[in-house]
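Single-letter residue listing:
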Amino acid sequence: MANKKSDVLLEGKVAVVTGSGRGVGRCIALELARCGASVVVNDIGSSIAGEGLDMSAAQSVVDEIVRAGGKAIASGHSVAEWEEAQAMIATARDTFGQVDIVVNNAGNLRDAIFHRMSPEEFNSVIDVHLRGAFYVSRAAAPLFKEQNSGAFVHMTSSSGLIGNFGQANYCAAKLGIVGLSKAIALDMSRFNIRSNAVAPWAWTRMIDSLPSETDAEKKRAEGLKKLVPEKIAPLIAALASDAANHVTGQIFGVRNNEIYLFSQPRVLRTAHTSDGWTPDQIVERVFPMFKSDFYPLDRSGDVFTWDPV
């Protein structure tokens, strides 16, 4: 049951949530509205591959928010186009008077093993996830700077943080989002603007599209089905609130009732010589010295081996 404090956590705030017609994004939009925010529900209603247009999903979420007493409008702007992202933020400002929160959740999948991946398959995923996060964030940044406040939350993935088969485009985009989030946090902290990345685990239509042919894949799929998207939303609401004004530049994860704080790249070991290195010396001395600290070629499922809590 909602408590009074969380009901007003985001009171007076205006949030833009991309890809919020279904799945994780829908749950985030509903939670932000429940916490008092006015919400722009952005979704073009495309297929998993990013094809087609259908505003009914976004409008359905808006209707649900309004029925519950909240404020929301639907947006069919594409995150993958600079002008469309500008128009999306302008619509939010013109409708509600300001923008305080941007959640970059929109995504697509075009999986293929790397040696068969086409430029179109690679670019289409980069365009939506990485360029989309940049375009929408960049459109909101001047408003955030002017009001001396704002919160960005960007959806990354364990596929980018750890790795997965057949997802070079998705992995590259999702790890790129981590770098983008950190850069925004660094550049805009002087204006009281925060930026964090979140890796969500949830059974959605995107996850449902992944292959499950082997026994191991089928077992993993059954475990993933236990992961409900509603569990992601509370962390997003918390990060978007003024109560998290000290939290920026971080990478979180949510897996049902577990919340993770991920590490970030730091030096593990060093090797030095007073005269500099030759290739032969590196092969003979440095690689053997570092070998015990090399990371294995793990996939996300190899690291997260326990059942969801």
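Described in the following lines is the structure provided in the data block. Just so it is clear, the structure is predicted and the values come from calculations on it, not from any experiment.

**Looking at the overall build of the protein chain**
For the protein chain, the helix and strand inventory stands at 12 helices and eight strands. Looking at the protein chain as a whole, 45% of its 309 residues qualify as buried. Of the contacts made within the protein chain by residues no fewer than 6 positions apart, 71% connect residues no fewer than 24 positions apart. Split by element, the accessible area of the protein chain, about 15,900 Å² in all, is 54% carbon and sulfur.

**Remarks on the nonpolar core**
If you look at the biggest cluster of nonpolar residues, it comprises 35 residues, and the most contacted ones within it are Ile28, Leu32, Val39, Val41 and Val198. Looking at this core, the elements that each hand over two or more residues are β1 (14-18), α2 (23-34), β2 (38-42), α3 (56-67), β4 (101-104), β5 (150-155), α10 (233-240) and β7 (251-255). Apart from residues no more than four positions distant in its own chain, Ile28 is found in contact with Val17, Val103, Met155, Ala233 and Ile236.

**A short note on the pattern of salt bridges**
The full count for this structure, using the stated rule, is nine salt bridges. Where Asp242 meets Lys13, a salt bridge forms, and the shortest distance between an N and an O atom there is 3.0 Å. Within this pair, whereas Asp242 is found in the loop between α10 and β7, its partner Lys13 is found in the loop between α1 (4-7) and β1, the two being separated by 229 residues in sequence. Taking relative accessible area as the criterion, Lys13 reaches 15% and is therefore assigned buried. Of the charged contacts in the structure, one is a salt bridge between Glu258 and Arg255, with a shortest N-O distance of 3.4 Å. In terms of burial, Glu258 and Arg255 fall into one category: buried. What emerges from the salt-bridge pattern is a single network uniting Asp7, Glu31 and Arg34.

**A closer look at the side chain of Ser195**
Mapped onto the elements, Ser195 comes out in strand β6 (residues 193-201). The exposure class assigned to Ser195 is buried, which follows from its relative accessible area of 0%.

**Considering the packing of aromatic side chains**
Evaluated as defined, the whole model comprises 12 aromatic pairs. Centre to centre, the rings of Trp201 and Tyr260 are 5.5 Å apart; their planes meet at 80 degrees, and the pair counts as edge-to-face. On the criterion of sequence distance, the pair formed by Trp201 in strand β6 and Tyr260 in strand β8 (residues 258-261) is long-range, its members being 59 residues apart. According to the relative accessible area criterion, Trp201 is buried, its value standing at 6%. Through successive ring pairs, a cluster of aromatic residues spans Trp201, Tyr260, Phe262, Phe304 and Trp306.

**Considering a nonpolar patch on the surface**
On the surface, Val283, Phe287 and Phe294 cluster together into a nonpolar patch covering about 310 Å² of accessible area. Considering the arrangement of structural elements, one finds Phe287 in helix α11 (residues 279-290).

Thresholds, definitions, all that
- Residues numbered from 1 in each chain as written.
- Predicted model: local features only at pLDDT ≥ 70, side-chain atom pairs only at ≥ 80, totals over all residues.
- Heavy atoms only, no water.
- Helix = DSSP H or I, 4+ residues; strand = E, 2+ residues; numbered from the N terminus.
- Buried < 20%, exposed > 50% of the residue type's maximum accessible area, 1.4 Å probe, protein only.
- Contact = heavy atoms within 4.5 Å.
- Areas by Shrake-Rupley, 256 points an atom, 1.4 Å probe, with all protein chains shown as cover.
- Core = buried A, V, L, I, M, F, W, Y, C linked by side-chain atoms within 4.5 Å.
- Salt bridge = Lys/Arg side-chain N within 4 Å of Asp/Glu carboxyl O.
- Phe/Tyr/Trp six-rings, centres within 6.5 Å; stacked < 30°, edge-to-face > 60°.
- Patch = residues over 30% accessible without salt bridge, like charges linked within 9 Å, V, L, I, M, F, W, Y side chains within 5 Å.

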